[in-house]
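Coordinates in review
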Amino acid sequence: MIESEVVALLRDRGWTLGTAESCTGGLVGHRVTNVPGSSAVLLGGVVAYANAVKERLLGVPAALLLQHGAVSEPVARAMAAGARDLLGADVAVAVTGIAGPTGGTPEKPVGTTFIAVAGPAGVEARRFHWTGDREANKARSAEAALQLVREYLSRAP
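The shown structure was predicted, so the numbers you read here are calculated from the model rather than taken from an experiment.

Brief notes about the packing of aromatic side chains
Tallying each qualifying case throughout the model produces one aromatic pair. Residues Phe-128 and Trp-130 carry aromatic rings whose centres are separated by 5.2 Å and whose planes lie at 15° to one another, so their mutual orientation is stacked. The same class applies to Phe-128 as to Trp-130, namely buried. Cation over ring: Arg-13 sits above Trp-15, and NZ or CZ is 4.7 Å from the ring centre.

Thoughts on the nonpolar core
Counting residues in each nonpolar core, the largest one holds 28 residues, and the members touching the most others are Leu-17, Val-93 and Ile-115. Secondary-structure elements contributing two or more residues to this core are helix H1 (2-13), helix H2 (27-33), strand E3 (91-97), strand E4 (112-119) and helix H6 (134-155). Non-local contacts of Val-93, meaning those with residues more than four positions away in its chain, are made with Leu-17, Gly-18, Thr-19, Ala-20, Val-28, Ile-115, Ala-116, Val-117, Ala-145 and Val-149. Core analysis: the second largest hydrophobic core is formed by 21 residues, Val-60, Leu-65, Ala-70 and Ile-98 among them.

Focus: the pattern of salt bridges
Enumeration over the complete set of coordinates arrives at six salt bridges. Among the salt bridges present, the one from Glu-5 reaches Arg-150, with a minimum N-O distance of 3.0 Å. Here Glu-5 is found in helix H1, whereas its partner Arg-150 is found in helix H6, with 145 residues between them in sequence. The partner of Arg-155 in a salt bridge is Glu-124, and the shortest N-O contact between them spans 2.5 Å. In this pair, Arg-155 is assigned in helix H6 and Glu-124 in strand E5 (residues 122-129), connecting sequence segments 31 residues apart. Among the charged side chains, a salt-bridge network with shared partners connects Glu-3, Arg-31 and Glu-143.

With respect to H1
Its twelve residues place the ends of H1 17 Å apart at the C-alpha level, agreeing with the 16 Å of an ideal helix rising 1.5 Å per residue. Regarding H1, the residues found buried are Ile-2, Glu-3, Val-6, Val-7 and Leu-10. The arc that holds the buried residues of H1, viewed along the axis, is 140°, so those residues lie on one side. On its buried face, H1 is in contact with strand E1 (17-21), H2 and H6. Gly-14 sits one or two residues past H1 and shows a positive phi near 75°.

Topic: the sheet that holds E4
Read from one edge of the open sheet, five strands run E2-E1-E3-E4-E5, paired in mixed fashion. Looking at strand neighbours, the two that pair on one side only are strand E2 (42-47) and E5, the edges of this open sheet. Each strand of the sheet is rotated relative to its neighbour by a mean of 15°, with strand direction disregarded. As defined by bridge partners, E4 adjoins E5 across eight bridges and the pair is classed as antiparallel. Its bridge partner being in E5, Ala-118 is matched across the sheet by Val-123. Along the sheet face, helix H3 (residues 51-58) touches E1, E2 and E3 and points at about 140° away from the line of E2. Across the sheet, helix H5 (residues 73-87) lies against E1, E2, E3, E4 and E5, angled at about 40° from E4, the strand it touches most.

Section: the packing of H1 against H6
Running from amino to carboxyl end, H1 crosses H6 at an angle of 30°, the nearest separation of the two axes being 9 Å. Taken as axis vectors, H1 and H6 run roughly parallel relative to one another. As for how H1 packs across H6, the hand of that crossing is left-handed. Side by side, H1 and H6 meet where Ile-2, Glu-3, Glu-5, Val-6, Leu-9, Leu-10 and Arg-13 of the first sit next to Glu-143, Leu-146, Gln-147, Val-149, Arg-150, Leu-153 and Ser-154 of the second. Residue composition of the contact of H1 with H6, grouped by class: seven nonpolar, two polar and five charged.

Calculation notes
Residues numbered from 1 in each chain as written. Predicted model: local features only at pLDDT ≥ 70, side-chain atom pairs only at ≥ 80, totals over all residues. Heavy atoms only, no water. Phe/Tyr/Trp six-rings, centres within 6.5 Å; stacked < 30°, edge-to-face > 60°. Buried < 20%, exposed > 50% of the residue type's maximum accessible area, 1.4 Å probe, protein only. Lys NZ or Arg CZ within 6 Å of the ring centre and 35° of its normal. Core = buried A, V, L, I, M, F, W, Y, C linked by side-chain atoms within 4.5 Å. Helix = DSSP H or I, 4+ residues; strand = E, 2+ residues; numbered from the N terminus. Contact = heavy atoms within 4.5 Å. Salt bridge = Lys/Arg side-chain N within 4 Å of Asp/Glu carboxyl O. Expected span 1.5 Å × (residues − 1). Arc of directions from axis to C-beta. Pairing = 2+ DSSP bridges. Axes fitted to C-alpha atoms, helices over the stretch in contact; angles between N-to-C directions. Parallel < 35°, antiparallel > 145°, perpendicular 65-115°, else oblique. Left-handed = near helix turned anticlockwise from the far one by under 90°. Nonpolar A, V, L, I, M, F, W, Y, C, P; charged D, E, K, R; others polar.

Pasting the structure below:
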């Protein structure tokens, strides 16, 4: 499973991981903690569902939320960087999206998700669009977040 690979890569580097999750509600952290030995690499996570929590705990600027919305690349990037700073992690991953079945717009339909990873080499972000129900969208988002972390760790200096 990908979470086992992520834990092994982190352990091999001597790095730690933090999470900032909105639409996944802690699912990324849950999957990592299913791996024996994950306590050596996972520092913690923030479930920042409300914008006020994104601002207060993760330091996401209110202006970003107003200008781009909570489900956006700039906010995902700020969440990842904020989680890295807050938790003192070497790498942090952030997920923000519209799991459904409501909440979508023509510009950001249900299933729109942004995932970002922040680490020593900077911040990377990607946009995804899932077409499943709420549970499937959350599962796909968590899987994609772990894949992005794995890719980042595989390329990091």
